[in-house]
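The lines below spell out each chain.
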Amino acid sequence: MMAFITNILRCCLFQAVLISLWMDVISGFGIQLVPQDPQVGQNVTLSVTGIKGTIKSFTWYKGETADTDNQIFFNINNNIALGAQNFSRANGLPNASLHISDLMKTDQGYYTVTVQTMNKSEATILLLVYESVLKPKVTVSTPNPLKNEEFRLICNTTNAEEIWWYKDNVTLFNGVNISQGNSTINFSSLKLSDEGNYVCEARNRVSNNCSDPYNLIVHYSTQNPNEADTSAQTVGIVVAVVLLVIVLVIALIYLLVIRRRNTKTTAPNSNASASGVVENDRTTIPGIQMAEHEIQYSSLEFAGRGQRMKPDPEPTMYAEVRRT
């Protein structure tokens, strides 16, 4: 019989609690944060709303329950009694709200208020204290990214709720292996198409910040120099061909100039006469005029120099003339 009565009392008490909560909901009793997303160093007010009637007393607690150990202070008719969780930056307002100045990260957590009017009302809220994200920095798994090798890009920052990656100002989505809360990009086998400028952006509810670009350049492995040699050979061949063409053009121009000069020089001589005329001690050859003293003569000398050659005596021939 006693157990039955106890169960009935429990049910009545439970229904009373539900009715009280329902009345609070109907009346709009609750707590609002002003501002809604407070940051470290700012002031915030935990504003109590929906109070019906005259406030007789109110109590604030740091925690999810209205336990004595969680009490910040108790205010009755503006007479304040400090609790175990009291701190100097927390102050009660006449409308039963709680004002916290110069927010710290340690102020984050649940806060509960009870307000006594004609009825007792209670509400709880979670206070989140935000910090601006620090400027991210992109670090790499190795300073020398090699083609066909593994490689990682890591976004290092703090206070970020989410991280976004961009390549050449385009958001990375498909085809990219991003892990650890989007903080790391994993390349299982680097390709030349992976080259570009990578930027990571850190965000939270109150701020965002971007890293400086990281320029990814894929190098060829020293263990497989054939690819690099092929590229070097291609460049060498192109340079050699260009130089060869330049040399051939120069040689062709030179030959044309020499041939034109020879043509101009030989043309007058071919029409000139081999004989000349001496006028006023000057020898004139068609196309050439020379003074007498400018002409050089050549002489021929034979053996027996210094001796005069006497002609052979001719036989004397006689003729007889007869008169008839």
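For the structure itself, look to the data block above.
Residues numbered from 1 in each chain as written. Predicted model: local features only at pLDDT ≥ 70, side-chain atom pairs only at ≥ 80, totals over all residues. Heavy atoms only, no water.

**Q** Kindly report on the nonpolar core, identifying the contributing residues and their values.
**A** Counting residues in each nonpolar core, the largest one holds 23 residues, and the members touching the most others are Leu46, Trp60, Leu98, Ile100, Tyr111, Val113 and Leu127. Of all the secondary-structure elements, those providing two or more residues to this core are strand 1 (30-34), strand 2 (44-49), strand 3 (57-62), strand 4 (71-76), strand 7 (98-100), strand 8 (109-116) and strand 9 (120-127). With 15 residues, the next largest nonpolar core counts Phe151, Leu190, Tyr198 and Leu216 among its residues. (Core = buried A, V, L, I, M, F, W, Y, C linked by side-chain atoms within 4.5 Å. Buried < 20%, exposed > 50% of the residue type's maximum accessible area, 1.4 Å probe, protein only. Helix = DSSP H or I, 4+ residues; strand = E, 2+ residues; numbered from the N terminus.)

**Q** Which residues make up the sheet that holds strand 3, and what values go with them?
**A** In spatial order, the strands read 5-4-3-8-9; together these five strands make up an open sheet with antiparallel pairing. Each edge of the sheet is formed by a strand with only one pairing partner; in this case those strands are strand 5 (79-82) and strand 9. Between one strand and the next, the sheet's axes are offset by a mean angle of 15°, whatever the strand orientation. (Pairing = 2+ DSSP bridges. Axes fitted to C-alpha atoms, helices over the stretch in contact; angles between N-to-C directions.)

**Q** Go over the environment of Ile51 with me, naming the residues and quoting the values.
**A** Looking at where Ile51 falls in the secondary structure, it is placed in the loop between strand 2 and strand 3. Residues Ile51 and Gly28, 23 residues apart in the sequence, show an inter-C-alpha distance of 7.9 Å. Sequence-distant contacts of Ile51, defined by excluding residues within four places in its chain, comprise Phe29, Asn95, Ala96, Val115 and Thr117. (Contact = heavy atoms within 4.5 Å.)

**Q** Break down the environment of Thr222 for me, citing the residues and quoting the values.
**A** Checked against the element boundaries, Thr222 lands in the loop between strand 18 (214-216) and helix 2 (226-271). Residue Thr222 is classed as exposed on the basis of its relative accessible area of 75%. Through-space distance from the C-alpha of Thr222 to that of Leu146 is 9.0 Å; in sequence the pair is 76 residues apart.

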